[in-house]
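Observations on chain architecture
Residues per chain are reported as follows:
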Amino acid sequence: MILEGNVWRYGDNVDTDVIIPARYLNTADPQALAAHCMEDLDPTFAGKVRPGDIIVAGRNFGCGSSREHAPLAIKASGVTCVIADGFARIFYRNGINIGLPLVELGAAVSEIKNGDRIRIDLGGGTIENLASGKKFAIQPLPGFIQDIAKAGGLINYVKGEKA
Amino acid sequence: MNPMGMTMTEKILARHAGLERVVPGQLIKCRVDLVLANDITGPPAIVEFEKIGRPVFDRHKIALVPDHFTPNKDIKSAEQAKSLREFAKQHDITHYWEIGRMGIEHVLLPEEGLIAPGELIIGADSHTCTYGALGAFASGVGHTDAGAAMATGDTWFKVPTAIKVELTGKPSRWVTGKDVILTLIGMIGVEGARYQALEFTGPGVASLTMTDRFTIANMAVEAGAKNGIFPVDGATEAYLADKVKRRYAAVAADPDAEYAQTVTIDLGGLTPTVAMPHLPENVKPASELNHIAINQAVIGSCTNGRLDDLAQAASVLAGRKIHPDVRAIVIPGTQQIYAEAMARGYIATFIRAGAVVSTPTCGPCLGGYMGILAAGERAISTTNRNFRGRMGHVDSEVYLSSPAVAAASAVTGHISDPREVMK
């Protein structure tokens, strides 16, 4: 799968409370959540994000609450992939389960800036920064996790298993 | 050559995967002993569960707790609570509690005897790791994982490496579990245990009450951990004696278990500690923050809403008054704790001091309701997160502390070490 889009660049420890504040958790409707995505960190995001955009962040992205509303809000806002130096574990699990591609890139995220256009080749395992021409290798997902991703998320995967 | 021994976490995971042994990095499928969801994560978990099209795997092994936005804070929250209630009825779920009988999930489930040593619990709430205090493996997941497990009775894990937290010494008066965990997070950082198990051990464990241990395990996730776990000792067994009737099999770490890192904390060297905005790792001694004036003090939550926590707050507030510029909100963790606090006179102490006492709810901790902060306001709180906007307006601030520090600060109007008040 090839994903190409413009980058929204954020820092370290972007927590799930700023990705989707709890005051909006009285619904789990993805579109309603997307309207407030990133609101407490970047109030311009929800209004300006375009389908195909990509979030690139620093360390420990998605730390805090287990709310799956956070990756759902990001996905429903049109973002096709989140790249980070590293992810908090529950957020990472939730991303896999709902079919939002997450790429752990390590310190090389510093080579990607806000507004850069990048191309991600998930199958081929590369990211290219079209603004700078720099290329980075992606670590492949473990086989079992790839199976969940291929099934389109955990629920489809479980449905495919024998009861 | 003999293989290396296993940690507590590895032993519990291996047992639930039907394997003799597991090693870090291994992906395994585990049977679960209990699946938890609340009024925020339950309704979407139910939606995912229904997509699978199977019955619940075991109606006695699912716990549904309406605690976050209940008593219903608005119409949408009422709809979410209704969805949880109707699902519980439809599937004849044993462990569902209506308000008036419920409590904050991570205080309630151990109190109800639903957690025992050696068991494996997942919950669609990040603070599910609280149950590690009882020598169980417990970890937070999202609502899809919870919904799937409600149908299948199993879930997958990557076996984590572990950090050994060696506790020595004895805590002095006014030093609690909260000060231990804030100190640890200050040492290793908010991602210091990311993807790892935090295994607490050492001679210092014996001097920690069960309340201390629940508070410490509760905040393991604030260091990024998958789980936090304590050894099972006499204090654990005494706690379980009148709660858990079923048989359980406690595990202990092997003497040659392998740890990625060892961190040592001398409990005798700790002082009342506060985490400053906007990360739990920004810790300082309470005594160095006297210049920070507060508008609100919150005492409660899954971190610090137990009877010992209220006792501590009451001992500070007895015969004293809340500062005129401070709103103090006390939230007992469960109805049982509320009733016991009333019988012991703590509730009367809080009310005489000028505090609000609320029915059990997660409300203010996550900025839901029952104590939201306005722009520029500052709270000291016994909760677990001080992220930007966590308790209200994005320009408000949360300082995390023990109940004693929060109560002392409520009296003085600024952040205070309890010793400043209890002269």
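If you're wondering where the values come from, they're calculated on a predicted model, not measured in any experiment.

It is worth spelling out the overall build of chain A at this point. For chain A, the count of helices and strands is 7 helices and 7 strands. Reading the secondary structure of chain A in the N-to-C direction produces β-α-α-α-β-α-β-α-β-β-β-β-α-α. In chain A, which comprises 163 residues, the share counted as buried stands at 56%. Counting only contacts in chain A whose residues sit at least 6 apart along the sequence, the fraction spanning at least 24 positions is 64%.

To continue, consider the overall build of chain B. Looking only at helices and strands, chain B features 14 helices and 18 strands. A compact globule built from 423 residues should have a C-alpha radius of gyration of about 22 Å, and chain B, at 21 Å, falls within 12% of that. If you line up chain B on its principal axes, its C-alpha atoms span 60 × 55 × 40 Å. Counting every position in chain B, which comprises 423 residues, the buried fraction comes to 63%. Put simply, of all contacts in chain B between residues at least 6 apart along the chain, 77% involve residues at least 24 apart. Counting only carbon and sulfur atoms, one obtains 51% of the accessible surface of chain B, whose full area is about 14,100 Å².

On to the interface of chain B and chain A. Listed per partner, the contact involves 46 residues of chain B and 43 residues of chain A. Sorting the residues of chain B by area buried against chain A places Trp 156, Glu 191 and Tyr 195 of chain B first, and these three jointly supply 17% of that buried surface. Its salt-bridge partner being Arg 59 of chain A, residue Glu 191 of chain B comes within 2.5 Å of it at the nearest N-O pair. Broken down by secondary-structure element, the contributors of at least two residues to the side of chain B that touches chain A are strand 1 (27–31), helix 2 (42–52), helix 3 (75–90), strand 6 (137–140), helix 5 (143–152) and strand 7 (154–158) of chain B. Element by element, the count of residues in the side of chain B that touches chain A is highest for helix 5 of chain B, at 5 residues.

Turning our eyes to something else, we now look at the pattern of salt bridges. Here the structure, examined in full by the defined rule, presents 27 salt bridges over all chains. For Asp 145 of chain B, the salt bridge identified is with Arg 93 of chain A, shortest N-O distance 2.7 Å. Highlighted residues: Asp 145 of chain B in helix 5 and Arg 93 of chain A in helix 5 (residues 89–98), drawn from two different chains. When its relative accessible area of 3% is taken as the criterion, Arg 93 of chain A is described as buried. The closest approach of N and O atoms between Glu 340 of chain B and Arg 344 of chain B, which form a salt bridge, is 2.7 Å. Classification of Glu 340 of chain B as partly exposed rests on a relative accessible area of 32%.

On to helix 2 of chain B. The buried count for helix 2 of chain B comes to 8 of 11 residues, which makes it a mostly enclosed element. Considered for burial, the residues of helix 2 of chain B that qualify are Gly 42, Pro 43, Pro 44, Ala 45, Ile 46, Glu 48, Phe 49 and Ile 52 of chain B. Next to the buried residues of helix 2 of chain B lie helix 4 (69–76) and helix 7 (154–160) of chain A together with strand 2 (34–38), helix 3 and helix 5 of chain B. Positive phi appears at Gly 53 of chain B, one or two residues downstream of helix 2 of chain B, with a value of about 75 degrees.

What follows is about the sheet that holds strand 4 (residues 95–96) of chain B. Residues and elements named next belong to chain B. Judged by pairing direction, the sheet is parallel, and its 5 strands sit side by side in the order 4-3-2-5-6 without closing on themselves. Each having just a single partner strand, strand 4 and strand 6 make up the two edges of the open sheet. Pairing analysis gives 2 bridges linking strand 3 (residues 62–65) to strand 4, with the strands arranged parallel. In the sheet register, Ala 63 faces strand 4, and the bridge partner there is His 95.

Glancing now at the side chain of Thr 211 of chain B. Residue and element names in this part refer to chain B. Examined against the element boundaries, Thr 211 turns out to sit in helix 7 (residues 210–218). Look at Thr 211 and you get buried, because its relative accessible area is 10%. Those residues in contact with Thr 211, other than ones at most four positions away along the chain, are Arg 306, Asp 308 and Asp 309.

This brings us to the layout of surface pockets. Taken as a whole, the largest pocket encloses approximately 970 Å³ of empty space. As for the largest pocket, its lining consists of 35 residues, of which Tyr 92, Ile 96, Leu 141, Pro 142 and Ile 145 of chain A are closest to the centre. Secondary-structure elements contributing two or more residues to the lining of the largest pocket are helix 5, strand 4 (102–104) and helix 6 (143–151) of chain A together with strand 7 of chain B. Per-element tally for the lining of the largest pocket: the top contributor is helix 5 of chain A, with 5 residues. Considering only residue class, the lining of the largest pocket consists of 20 nonpolar, 9 polar and 6 charged.

With that settled, consider the packing of helix 7 of chain B against helix 8 (residues 234–241) of chain B. Residue and element names in this part refer to chain B. Two elements in contact, helix 7 and helix 8, have axes whose closest approach is 10 Å; the angle formed by their N-to-C orientations is 100 degrees. Here helix 7 lies roughly perpendicular to helix 8, going by the angle between them. Where helix 7 approaches helix 8, its residues Met 210, Arg 213 and Phe 214 are matched on the opposing element by Ala 235, Thr 236 and Tyr 239. For the contact of helix 7 with helix 8, the residue count by class is 4 nonpolar, 1 polar and 1 charged.

Time to look at the packing of helix 10 (residues 307–317) of chain B against helix 12 (residues 346–353) of chain B. Residue and element names in this part refer to chain B. Relative to each other, helix 10 and helix 12 sit at 45 degrees, their axes nearing to 9 Å. Considering the angle they form, helix 10 stands oblique to helix 12. The two elements helix 10 and helix 12 cross, and the hand of that crossing is left-handed. Facing Leu 307, Leu 310, Ala 311, Ala 313, Ala 314 and Leu 317 of helix 10, the residues of helix 12 in contact are Tyr 346, Thr 349, Phe 350 and Ala 353.

Residues and elements named next belong to chain A. Scanning the model with the defined rule gives 13 aromatic pairs over all chains in all. Consider the rings of Phe 61 and Phe 87, whose centres lie 6.0 Å apart with planes at 80 degrees: the pair is edge-to-face. Note that Phe 61 is positioned in the loop between strand 2 (54–57) and helix 4 and Phe 87 in the loop between strand 3 (81–84) and helix 5, a separation of 26 residues in sequence. As far as burial versus exposure is concerned, Phe 61 and Phe 87 are alike and both buried.

Next up on the list: the environment of Gly 192 of chain B. Structurally, Gly 192 of chain B can be placed in the loop between helix 6 (177–188) and strand 9 (197–201). When the C-alpha atoms of Gly 192 of chain B and Gly 140 of chain B are compared, they prove to be 17 Å apart, with 52 residues separating the residues in sequence.

Residues and elements named next belong to chain B. The peptide bond linking Thr 70 to Pro 71 adopts the cis configuration, its omega dihedral lying at -10 degrees. With an omega dihedral of -5 degrees, the bond running from Pro 277 to His 278 counts as a cis peptide bond. When you line up the elements, His 278 lands in the loop between strand 12 (273–275) and strand 13 (283–285). In the Ramachandran plot, Trp 174 falls in the positive-phi region, its phi being about 75 degrees despite a non-glycine side chain. Structurally, the position occupied by Trp 174 is in the loop between strand 8 (162–168) and helix 6.

Rules behind the numbers
- Residues numbered from 1 in each chain as written.
- Chains lettered and ligands numbered in written order.
- Predicted model: local features only at pLDDT ≥ 70, side-chain atom pairs only at ≥ 80, totals over all residues.
- Heavy atoms only, no water.
- Helix = DSSP H or I, 4+ residues; strand = E, 2+ residues; numbered from the N terminus.
- Buried < 20%, exposed > 50% of the residue type's maximum accessible area, 1.4 Å probe, protein only.
- Contact = heavy atoms within 4.5 Å.
- Rg over C-alpha atoms; globule rule 2.2 N^0.38 Å.
- Areas by Shrake-Rupley, 256 points an atom, 1.4 Å probe, with all protein chains shown as cover.
- Buried area = accessible area lost by both parts, 1.4 Å probe.
- Salt bridge = Lys/Arg side-chain N within 4 Å of Asp/Glu carboxyl O.
- Pairing = 2+ DSSP bridges.
- 1 Å grid on protein atoms, 1.4 Å probe; cavity = no way out; pocket = protein on both sides within 12 Å on 5 of 7 lines; lining within 4 Å.
- Points joined across faces, edges and corners; volume = space filled by probe spheres on them.
- Nonpolar A, V, L, I, M, F, W, Y, C, P; charged D, E, K, R; others polar.
- Axes fitted to C-alpha atoms, helices over the stretch in contact; angles between N-to-C directions.
- Parallel < 35°, antiparallel > 145°, perpendicular 65-115°, else oblique.
- Left-handed = near helix turned anticlockwise from the far one by under 90°.
- Phe/Tyr/Trp six-rings, centres within 6.5 Å; stacked < 30°, edge-to-face > 60°.

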